[in-house]
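# Structural overview
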Amino acid sequence: MINGNKVLFSGMQATGNLTLGNYLGALKNWVDLADDYECYYSVVDMHSITVRQDPAVLRKRARALLTLYIAAGIDPEKNCLYYQSHVSGHAELAWILNCFTYMGELNRMTQFKDKAAKHTDNINAGLFTYPVLMAADILLYQADVVPVGIDQMQHLEITRDIAQRFNAVYGDVFTIPEAYVGKVGAKIMSLQDPAKKMSKSDENPNASIYLMDDADTIRRKCRRAVTDSEGAILYREEQPGVKNLLDIYCACSGKTPQEAVREFDGCGYGQLKDAVAEAVIAVLNPLQTRFRELEKDKGYIDGIIRTNAERAAYTANKTLRKVQKKIGFPERVR
Ligand code: TRP
């Protein structure tokens, strides 16, 4: 609890370009959470280096992500938006938690197995202990809730296990976090393969609409979206491509699937795709404009980065000092 509110923590990597799926599924819904939670949204750049990064690109993307958070409407006065690497407590707590995590547990992590298979030339120790750094992120702020997708659920589980193990030895040091269940965002699928989630790491650029795509690119990608040969615009599992287009349309327009189906009654897929494109453009256009304005205001963004990192560090250090004391590190002498 901070100021009588529950704490919410989430992190996003600055690798790849954010997609419409990230926006409709996560960012957009984070805007209103500030009313009910004390929210921390970290740009987790320390996680990003578990895979080799070009320094200039990483720096640029990290700043763009933070700016995008603000452009999406997440108020940096009410929420704490900061770079993970600016708060040294993440690394310090991660080390301690490493000593409370078993090799066997980490070996079972499916994301590690996937990433190790994908990057056979660089299976580094950081990739292996990635979930421990994530546990440190969450536990440093005594987070009550963590909005995570299904792919991160296993990491939240291990975070809970580590926290419970620590608490069992040292008393109630950490809040045990739970998955955030609330208004869930729309789950947007790939435009090229509606069985797969729309992903910023998809190799096919036509599979995803990126938040910075211009209007013509959005129109072209929508027109190329995979549908089916049924020819009817219905909202059902048997037509996953059409269903996905309707989901995008509804998430952008605020309409329900029933309303959308009625609206497109008798239309062809071409008309549906054009309408989806225009609905997406209407949502992304103002976001892009705001992003470009913010990007130019270097002083403002720098100020946010500085003050929010200070706020984050204050809370993080409170937890860290407590942990250090519990495990027997010598007290600081002033
Ligand atoms: N691993 C998460 C992802 O790739 C990002 C992340 C890092 C995170 N630390 C976190 C998410 C803490 C939630 C809470 O999606």
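Here we come to the site of the ligand. Lining the immediate environment of the ligand, one finds F9, S10, G11, Q13, V44, H47, Y130, M134, D137, I138, V146 and Q152. D137 places a polar side-chain atom, nitrogen or oxygen, 2.7 Å from a nitrogen atom of the ligand. A distance of 3.0 Å is found between a nitrogen atom of the ligand and a side-chain nitrogen or oxygen belonging to Q152. In isolation the ligand offers 370 Å² of accessible surface; the protein chains occlude 88% of this area. Mapped onto the shell around the ligand, the elements with two or more residues apiece are β1 (6-12) and α8 (130-140). No other element matches the four residues that α8 contributes to the shell around the ligand. Here the residues of the shell around the ligand sort into six nonpolar, five polar and one charged.

The next subject is the domain arrangement of the protein. Here the domain parsing of the protein yields domain 1 (6-180 + 298-327) and domain 2 (215-293). Relative placement of domain 1 and domain 2: their C-alpha centres are 33 Å apart. Contacts between the two partners involve nine residues from domain 1, matched on the other side by nine residues from domain 2. Taken as a group, L20, L24 and A71 account for 52% of the area that domain 1 buries against domain 2, more than any other trio of residues on that side. Scanning the region where domain 1 abuts domain 2 turns up zero residue pairs in polar contact (both at pLDDT 80 or more). Looking at the side of domain 1 that touches domain 2, the elements with two or more residues in it are α1 (20-30) and α3 (55-71).

Before going further, it helps to examine the pattern of salt bridges. Inspection of the entire model under this criterion finds 13 salt bridges. E237 is the salt-bridge partner of K243, the closest N and O atoms lying 3.8 Å from each other. A relative accessible area of 60% means that E237 is categorised as exposed. Linking R290 and E293 is a salt bridge whose minimum nitrogen-to-oxygen distance equals 3.4 Å. Of this pair, R290 and E293 are both found in helix α13 (residues 269-296), three residues apart, which corresponds to roughly one turn of the helix. Looking at R290, the relative accessible area reads 36%, which means it is partly exposed. By relative accessible area, E293 is classed as partly exposed at 44%.

This next bit is on helix α4 (residues 89-98). For α4, the complete set of buried residues consists of G89, H90, L93, A94, I96 and L97. Considered in projection along α4, the buried side chains sweep an arc of 165° and stay on one side of the axis.

Attention now moves to the environment of Q239. Secondary-structure assignment places Q239 in the loop between α10 (215-223) and α11 (240-253). Overall, Q239 belongs to the buried group, its relative accessible area being 0%. Remark: the alpha-carbon pair of Q239 and D151, spanning 88 residues in sequence, is separated by 24 Å. If we skip the residues at most four places from it in the chain, Q239 touches D228, E230, A232, L234 and Y269.

Further remarks concern the nonpolar core. Core analysis: the largest hydrophobic core is formed by 62 residues, its most contacted members being L27, W30, Y41, Y69 and V280. Top element by residues in this core is α13. It accounts for 12 residues. Each of domain 1 (6-180 + 298-327) and domain 2 (215-293) contributes no fewer than three residues to this core. Discounting chain neighbours no more than four positions away, the residues touching L27 are M12, L18, N22, Y69, A72 and I74. Among the nonpolar cores identified, the runner-up in size contains 42 residues, and I2, A94, V173 and A313 belong to it.

For the rest of this paragraph, the subject is the side chain of N167. Tracing the backbone shows N167 in helix α9 (residues 153-170). A distance of 2.8 Å separates the side chain of N167 from the backbone oxygen of F174, its partner in a polar contact. N167 has contacts with D172, V173, F174 and I176, leaving out every residue within four places of it along the chain.

Space inside the second largest pocket adds up to approximately 430 Å³. What lines the second largest pocket is a set of 18 residues, among which N17, K60, R61, A64 and F291 lie closest to the centre. Secondary structure elements with two or more residues in the lining of the second largest pocket: α3 and α13. Of the residues assigned to the lining of the second largest pocket, the class counts are 10 nonpolar, four polar and four charged.

All right, on to the side chain of Q84 then. Within the secondary structure layout, Q84 lies in the loop between β3 (80-83) and α4. The buried category is assigned to Q84, whose relative accessible area is 0%. A distance of 3.3 Å separates the side chain of Q84 from the side chain of H47, its partner in a polar contact. With residues up to four places along the chain from it excluded, the contact list for Q84 reads S42, V43, V44, D45, M46, H47, H90, L133 and D137.

Calculation notes
- Residues numbered from 1 in each chain as written.
- Predicted model: local features only at pLDDT ≥ 70, side-chain atom pairs only at ≥ 80, totals over all residues.
- Heavy atoms only, no water.
- Near = heavy atom within 4 Å.
- Polar contact = N/O pair within 3.5 Å; in protein donor to acceptor, adjacent residues only side chain to side chain.
- Areas by Shrake-Rupley, 256 points an atom, 1.4 Å probe, with all protein chains shown as cover.
- Helix = DSSP H or I, 4+ residues; strand = E, 2+ residues; numbered from the N terminus.
- Nonpolar A, V, L, I, M, F, W, Y, C, P; charged D, E, K, R; others polar.
- Domains from an automatic or database assignment.
- Contact = heavy atoms within 4.5 Å.
- Buried area = accessible area lost by both parts, 1.4 Å probe.
- Salt bridge = Lys/Arg side-chain N within 4 Å of Asp/Glu carboxyl O.
- Buried < 20%, exposed > 50% of the residue type's maximum accessible area, 1.4 Å probe, protein only.
- Arc of directions from axis to C-beta.
- Core = buried A, V, L, I, M, F, W, Y, C linked by side-chain atoms within 4.5 Å.
- 1 Å grid on protein atoms, 1.4 Å probe; cavity = no way out; pocket = protein on both sides within 12 Å on 5 of 7 lines; lining within 4 Å.
- Points joined across faces, edges and corners; volume = space filled by probe spheres on them.

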